Amino acid sequence: LFSGHAGVSGIAAGAEAMSLRENEPVYLIDTHAHSDAFSVPEWIESAGRALARGVSGNLSAGVWWDQFDHLLAEFSDWILPRPANREKSLEFIGSSGYHIFPALGLHPMEVASRWRSVEGRFDTSRAEADAEKFFDRARKHRDVIWAVGETGFDASSSVVAGWCGKDELLDAQT
């Protein structure tokens, strides 16, 4: 597995030298992608380039519930169901083609903007409404959700500046 921010070429080139277990193939997966940010033709072109470099798919980061809906609607042909065990997971990943492994999450930067009231304070009713939509999707689509969450907080303190600190935001999400 590798992060999309690390780049594909160098990592994919060394993949054949890696081995987690004897006689077990290694599959490269981009662990931080935003497939929902592309049009389908753009995504097909990008996926083709990645596949040609030995990358089998991507974990599409969970930014917000509405982006998750878009991902499911537009990219369903490339989304694989989540199997019950590791062996089946490897079988799926190793199958032909490029695949999307969806994550359902709430990106901290989105939380900072969407849960802010007109007055600039934390809006509990917005947070509760979004949490309900999030959990509705988690229950309804549990068979295609491979991960929950985003990557965490941006290194910048300005992400949540102006209405709450990171600790307060973490408390609000739990």
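The structure we're discussing is the one just above.
The structure contained in this document is the topic of the report that follows.

## Brief notes about the overall build of the chain
Then step 1. Tallying secondary structure elements over the chain gives seven helices and four strands in all.
Then step 2. Each helix and strand of the chain, ordered N terminal to C terminal, gives the series α-β-α-β-α-α-β-α-α-β-α.
Then step 3. Taking all 174 residues of the chain together, the buried fraction comes to 36%.
Then step 4. Working note: accessible area of the chain is about 10000 Å², and carbon and sulfur atoms make up 53% of it.

## Considerations on the pairing of strand β3 (residues 99-104)
Then step 1. Burial analysis of β3 places six of its six residues in the buried class, the great majority of the element.
Then step 2. One ladder, built from four bridges, connects strand β2 (residues 55-60) with β3; its direction is parallel. Each bridged residue has a counterpart across the sheet, and for Gly 57 the counterpart in β3 is His 99.
Then step 3. In the sheet, β3 pairs with strand β4 (residues 147-148) via two bridges, with the strands oriented parallel. Bridge pairing links Ala 103 to Ala 147 in β4.

## Some thoughts on the nonpolar core
Then step 1. Grouped together as the largest cluster of nonpolar side chains are 23 residues, with contacts concentrated most on Trp 43, Trp 64, Ile 79, Tyr 98, Ile 100, Leu 106 and Trp 115.
Then step 2. Of all the elements in the fold, those that place two or more residues in this core are α2 (40-52), α3 (65-74), β3 and α6 (124-140).
Then step 3. Ranked by residue count, the leading element in this core is α3, at four residues.

## Overview of the side chain of His 32
Then step 1. Within the element layout of this structure, His 32 appears in strand β1 (residues 28-33).
Then step 2. When its relative accessible area of 12% is taken as the criterion, His 32 is described as buried.
Then step 3. At 3.0 Å, the side chain of His 32 and the side chain of His 34 are in polar contact.

## A look at the packing of aromatic side chains
Then step 1. Counting across every chain of the model gives eight aromatic pairs.
Then step 2. Ring centres of Trp 43 and Tyr 98 lie 5.6 Å apart, and the angle between their planes is 65°; this geometry places the pair in the edge-to-face category. Residue Trp 43 is located in helix α2, and its partner Tyr 98 is located in the loop between α4 (86-94) and β3; the two are separated by 55 residues in the primary sequence.
Then step 3. On the basis of relative accessible area, Tyr 98 is assigned to the buried category, the value being 10%.
Then step 4. Taken together, the ring pairs in this structure connect Trp 43, Phe 75, Trp 78 and Tyr 98 into an aromatic cluster.

## A short note on α2
Then step 1. With 13 residues, α2 extends 18 Å between its outermost C-alpha atoms, agreeing within 8% with the 18 Å of an ideal straight helix rising 1.5 Å per residue.
Then step 2. When we look at burial in α2, the residues that qualify are Trp 43, Ala 47 and Ala 50. Buried residues of α2, seen end-on, are gathered within an arc of 60° and therefore sit on one face of the element. Opposite the packed face of α2, turned more than 90 degrees from it, sit the exposed residues Pro 41, Glu 45 and Ala 52.
Then step 3. Next to the buried residues of α2 lie β2 and β3.
Then step 4. Taken from the residues just after α2, Gly 54 is the one with a positive phi, measuring 95°.

## Some words on the packing of α3 against α6
Then step 1. Two numbers describe how α3 lies on α6: the axes approach to 10 Å, and their chain directions differ by 30°. Judged on the interaxial angle alone, α6 and α3 are roughly parallel. Residues Trp 65, Phe 68 and Asp 69 of α3 pack against Asp 130, Lys 133 and Arg 137 of α6.
Then step 2. Of the residues belonging to the contact of α3 with α6, the class tally is two nonpolar, no polar and four charged.

How each quantity is defined
All residue numbers here refer to positions counted from 1 along the written sequence of the relevant chain. Where local features are concerned, this predicted model is filtered to residues with pLDDT of at least 70; where side-chain atom pairs are given and counted, the filter is 80 or more; whole-chain, interface and lining totals use all residues. Calculated side-chain values reflect all of the structure's heavy atoms, with hydrogen atoms and water omitted. Numbering goes from the N terminus for both helices and strands, where a helix is a DSSP run of H or I of at least four residues and a strand is a run of E of at least two. Only protein chains enter the accessibility calculation, which uses a 1.4 Å probe. A residue is then buried if its area is under 20% of the maximum for its type, exposed if over 50%, and partly exposed in between. What sets the accessible areas is the Shrake-Rupley method with a 1.4 Å probe; for residues, cover comes only from the shown protein chains. Following DSSP output, two strands are said to pair if at least two bridges run between them. By nonpolar core is meant a set of buried Ala, Val, Leu, Ile, Met, Phe, Trp, Tyr and Cys residues that side-chain atoms within 4.5 Å join together. As used in this structure description, the phrase polar contact means that two N or O atoms lie within 3.5 Å; if the pair is within protein, one of them must be able to donate a hydrogen and the other to accept it, and residues adjacent in sequence are counted only when both atoms belong to side chains. Planes of paired rings set the category: under 30 degrees apart is stacked, over 60 is edge-to-face and the rest tilted, where pairs are Phe, Tyr or Trp rings (Trp by its six-membered ring) whose centres lie within 6.5 Å. To estimate the expected span of a helix, subtract one from its residue number and multiply by 1.5 Å. Taken from the helix axis, the directions to the C-beta atoms give the arc we talk about. Only heavy atoms matter for contacts: two residues are in contact if any of them lie within 4.5 Å across the pair. For helices, the axis comes from a line fit to the C-alpha atoms of the stretch in contact; other axes are also lines fit to C-alpha atoms, and the angle between any two N-to-C directions lies between 0 and 180 degrees. Throughout, the term roughly parallel applies to angles under 35 degrees, roughly antiparallel to angles over 145, roughly perpendicular to angles from 65 to 115, and oblique to all others. Each residue receives one of three labels: charged for Asp, Glu, Lys and Arg, nonpolar for Ala, Val, Leu, Ile, Met, Phe, Trp, Tyr, Cys and Pro, and polar for the others, Gly being one of them.

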